[in-house]
Amino acid sequence: MFSAYSGPILELDRVSFRYPGAGRIIDDLTFAIGGGEFIGLLGANGSGKSTILKLAAGMVRPDRGIVKLWDRPLAAYRNKDRAKLLCYFPQHLDVSVPFTVREIVGMGMYPYDIPPAMAVDEAMDTVGLLDKADVYVTNLSGGERRRVFIAMTLIQGAGILLLDEPLANLDIRYQIEFLRLLRRLQEQKGISVVMALHDINVALQFEKVMVIKNGAVLGIGAPEAVLTGPMIRDAFDVSIELRKAEHGMYITHEKWF
Amino acid sequence: MKKLFIILSLVVGMSYSVSAAEPALLPTRIISLSPATTEILFALGAGDRIIGVTSFCDHPEEAKKKQKIGGLSNPSLEAIVALKPDLVVMTTDGNPQEVDERLRTMGLRTYVWTARKLAELPDGIRGLATAIGASAQGERMAGEIEKSINRTRYKVQSTKKMNVLYIVWPEPLLVAGPGTAIDDAIRLLGHVNVSAKAKTSYPRYSIEELIREAPEVVFIGKGSGMDMQAVSQGILKKLATVPAVRNNKVCYVSDSLYRLGPRVVQGIEELAACIK
Amino acid sequence: MHKVRITLFLLMAAAILVLALIAGPRMINPLAMSATEREILLSIRLPRVAVALLMGMALGASGAILQGVLRNPLADPYILGISSGASLAAALGLLSGFYVFGRSSVPVSAFIGASLVSVLVGAFGWKRGGLWPERLLLAGIGLNFLFSAVLMLLMSLSSDEGLRRAVLWMFGDLSMADWTLIPSASIFIVIGLGIALFRSKALNALILGDEFAYSLGFAVQRERLILFAAMALMTSASVSLGGTIGFIGLLMPHIVRLLLGADSRLLVPASAIAGGAFLCFADLVGRSLMPPLELPSGTVTAVIGAPYFLYLLRKKDVLGV
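What counts as what
Residues numbered from 1 in each chain as written. Chains lettered and ligands numbered in written order. Predicted model: local features only at pLDDT ≥ 70, side-chain atom pairs only at ≥ 80, totals over all residues. Heavy atoms only, no water. 1 Å grid on protein atoms, 1.4 Å probe; cavity = no way out; pocket = protein on both sides within 12 Å on 5 of 7 lines; lining within 4 Å. Points joined across faces, edges and corners; volume = space filled by probe spheres on them. Helix = DSSP H or I, 4+ residues; strand = E, 2+ residues; numbered from the N terminus. Nonpolar A, V, L, I, M, F, W, Y, C, P; charged D, E, K, R; others polar. Domains from an automatic or database assignment. Contact = heavy atoms within 4.5 Å. Buried area = accessible area lost by both parts, 1.4 Å probe. Salt bridge = Lys/Arg side-chain N within 4 Å of Asp/Glu carboxyl O. Polar contact = N/O pair within 3.5 Å; in protein donor to acceptor, adjacent residues only side chain to side chain. Expected span 1.5 Å × (residues − 1). Buried < 20%, exposed > 50% of the residue type's maximum accessible area, 1.4 Å probe, protein only. Axes fitted to C-alpha atoms, helices over the stretch in contact; angles between N-to-C directions. Parallel < 35°, antiparallel > 145°, perpendicular 65-115°, else oblique. Left-handed = near helix turned anticlockwise from the far one by under 90°.

**Re the layout of surface pockets**
Phase 1: Each pocket or cavity is described by its volume, and for the second largest pocket that value is around 910 Å³.
Phase 2: What lines the second largest pocket is a set of 30 residues, and nearest its centre among them are G58(A), M59(A), V60(A), R61(A) and Y214(C).
Phase 3: For the lining of the second largest pocket, the secondary-structure elements that each account for two or more residues are helix 1 (49–57), strand 4 (64–69) and helix 2 (79–85) of chain A together with helix 9 (210–215) and helix 10 (220–242) of chain C.
Phase 4: Partitioning the lining of the second largest pocket into residue classes produces 18 nonpolar, six polar and six charged.

The following block contains the structure:
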């Protein structure tokens, strides 16, 4: 699968962008995502994380620079072809229409003219919602709803998942559940995951984080290397030190208040 | 060549006269689509030939017993067709134009009443009477009306012109404006209808304007089943300063002039009697 | 399970259609008709039922499309001011004696009015290269108020007869329905329906939100524009056929969602069928309740529709709230 490919799958090359009427928010940004990577995009609110994800997904066009998918300009892809490769997960899931789980998961087939590789039932099973196949999505909890859409992306067969703050407003139990699900998908199917976050504690769980401030990358790498005191101060304007604990996890060491 | 022309014109002429004399078939199943034409038909003696009327046809009493086929602006096509009429009488004042077209495409005979003014009434009656094969009665009725109109015109030659107001309904205030039989009657009697300047037939009038016009005679027409004296107390109080109310020249009259029909003569006499 | 429901649904619609033809106010037995009855059935009832069917289908489908495109369960083609714009155009046509198209002049002016308003709504709802649901809704409501006000002004200044005719037209008058307009209206409605059916997947995706629709590979703004245009076309044709008849666009999608689910591929055609059947039924009731008086179908749909809509609001599933 994708993890066998060693080159970058999704690249942003010297991308600059600003919303009309705003100051320049993304300036000369370059980074790449490889196969099977699991990257956390960490930054304060308003740091430009969402915009970077939207640029990466092709939802907005850069003013300068280019976004490439599998070494081809993203803009050159037909919508349906791009949908089979790249998937964007918005922050707000607003489904007030009584679609059933099965119906929404089935929508993952839309980019395809022939039935996809994975069956709808299998996708629902993978996210643990097979027994709720005919329940209305409006009757599910927030965490379950997210899983429905993850199942949809499974059907879509996209190799790259771009998620905008999917853990916001979830209890820690569901955050862990969700992350574990994504991890399973990464391991079993070689999917690359890029997730925007603003919770440092969650970022510590990732192997690779990218710290963003004002639309620019402050650092990329493993959390212990990147999330130093100065970095956190710079990105979040707060003085917190990290320490190593058992199992290689970091925790903040002083009382916050 | 000339002979051919003569023969042709004779043939064409004959076919025209034949169609003009169309009502050679006496209609015996007549439907009337307006209260005014219903009244006229009854007055022409054709009452027993009428098989359908509108829900608003309430004059004369016998009309109320006839089969109803709907309203003025929305008669039921189905009901009309189901009665199998041989003549449907309708008016341009109230019936939708489409009714005439639809009935004719379905092969039914129609007669369209077009008279709107008092002066057009006699000829209108003559036309309708011919269509139903009652020319003699029509001539008689039309003649009487003409005589009455001329008599009135002659009598009022020397009377002074007065400002007159005819209230159709007190609250909201509705008065008889231009284009109504009432307005025609007022002018026939040699007077001025203060609301003649309005744009519509039954305008909602401004009370201030009326006070300024200072009508010297006020008529209040009969509403349906209401005690007009009671409901008009309010408006008369507001008009207390106009000459008509001060001099007690307020008359309650019937609804004879509401429809352009056989009762207009009676209506005109009512107005005349009050003004004296 | 689903198939059973669909079959029952279709059977009921068909039954209503047949009933509308042979019932009220007088029952006609098609196997034993007199010449008059045949005349009534073919010249009066058949075109009337055909118009009701077409209008109902157009409005039902339009409601389903609009509720999806605007992501709003209260959306209805008339909320966007299309009905008041059409009424204004029709009233202008009636009062000014516009007769270029002969008897079809008023329907044509209504169609033009409805189409123009749709374009206006689209123009106001347009920003930065696309149509936005919130803007569309607000633009539509604003234009609705504007046109209603102008219409009321016009009516207060007009003569009694013109006024009466304009009002009667607006109430939804099917009593004079004949074959003249049916061919052209059918074409528009069929085209609109066809577009909507072909784009059902896009509609489903749009309901999930612009981001998911994009992620699933749809050109979001283009799909929205196409669906909006299809809806406008159908609504304009419907208004030109028989005036403004409300509640069908609003109500039918909700009822169908309860019975058959929210998938647009089923919702749009089923709402169309439900709308057609419902309007035929309303027309039947309108002309059979107090014969020979005919209640305008628009009144009947409102009297049945409004209470039922309020009742539906009590069921949570419908709105998901």
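So much for the structure itself; the text now carries on.
**Focus on the domain arrangement of chain B**
Residue and element names in this part refer to chain B.
Phase 1: When cut into domains, chain B gives domain 1 (24–148) and domain 2 (160–275).
Phase 2: Distance from the C-alpha centre of domain 1 to the C-alpha centre of domain 2: 28 Å.
Phase 3: At the junction of the two partners, domain 1 supplies 17 residues and domain 2 supplies 13 residues.
Phase 4: Around 1300 Å² of area is buried between domain 1 and domain 2 when both sides are counted, 63% of it from carbon and sulfur atoms.
Phase 5: Summed over the three residues of domain 1 that lose the most area to domain 2, namely E39, K117 and L118, the buried surface amounts to 42% of that side.
Phase 6: Across the domain 1-domain 2 interface, the total number found is three salt bridges.
Phase 7: R259 is the salt-bridge partner of E39, the closest N and O atoms lying 2.9 Å from each other.
Phase 8: When residues of the side of domain 1 that touches domain 2 are traced back to their parent elements, those giving at least two are helix 2 (35–43) and helix 6 (135–155).
Phase 9: The greatest single-element share of the side of domain 1 that touches domain 2, amounting to five residues, is contributed by helix 2.
Phase 10: Counted by class, the side of domain 1 that touches domain 2 contains eleven nonpolar, two polar and four charged residues.

**So, the interface of chain C and chain A**
Phase 1: Taken together, the 22 residues of chain C in the interface contact 31 residues of chain A.
Phase 2: With both sides pooled, the region where chain C packs onto chain A buries about 2400 Å², and carbon together with sulfur makes up 65% of that total.
Phase 3: Ranking the residues of chain C by area buried against chain A places F212(C), Y214(C) and L216(C) at the top, with a combined share of 29%.
Phase 4: Our enumeration of links across chain C and chain A arrives at zero salt bridges.
Phase 5: In this structure, the connection of chain C to chain A is made through seven residue pairs in polar contact (both at pLDDT 80 or more).
Phase 6: Contributions of two or more residues to the side of chain C that touches chain A are made by helix 8 (200–208), helix 9 and helix 14 (316–319) of chain C.
Phase 7: The class makeup of the residues in the side of chain C that touches chain A is eleven nonpolar, four polar and seven charged.

**Overview of helix 11 (residues 248–260) of chain C**
Residue and element names in this part refer to chain C.
Phase 1: With 13 residues, helix 11 extends 17 Å from end C-alpha to end C-alpha; this agrees with the ideal 18 Å at 1.5 Å per step.
Phase 2: Counted residue by residue, helix 11 has ten buried out of 13 residues, so it is predominantly covered.
Phase 3: Those residues of helix 11 that fall on the buried side of the exposure criterion are I248, G249, L250, L251, M252, P253, H254, V256, R257 and L260.
Phase 4: Among the residues trailing helix 11, G261 stands out with phi positive, at a value near 95 degrees.

**Things to note about the packing of helix 2 (residues 35–69) of chain C against helix 12 (residues 264–288) of chain C**
All names here are of chain C.
Phase 1: Across the interface, helix 2 lies against helix 12 with an axial gap of 6 Å and an inter-helix angle of 140 degrees. One way to sum up the angle between helix 2 and helix 12 is to call them oblique. Remark: the crossing between helix 2 and helix 12 carries right-handed chirality. Contacts from R45, R48, V49, A52, L53, M55, G56, M57, G60, A61, A64 and I65 of helix 2 reach helix 12 at L267, V268, S271, A272, G275, G276, L279, C280, D283 and R287.

**Things to note about the interface of chain B and chain C**
Where interface size is given, it is often the accessible area lost as the parts come together that is meant.
Phase 1: Facing 26 residues of chain B, the contacting portion of chain C comprises 26 residues.
Phase 2: Note on chain B versus chain C: buried area summed over both sides is about 2200 Å², and carbon and sulfur give 54% of it.
Phase 3: Interface area lost by chain B to chain C is led by N74(B), E78(B) and R102(B), which between them contribute 30%.
Phase 4: Where chain B touches chain C, the interface holds two salt bridges.
Phase 5: A salt bridge links R287(C) to E78(B), with the nearest nitrogen and oxygen atoms 3.9 Å apart.
Phase 6: Those elements that place two or more of their residues in the side of chain B that touches chain C are helix 3 (77–82) and helix 4 (97–105) of chain B.

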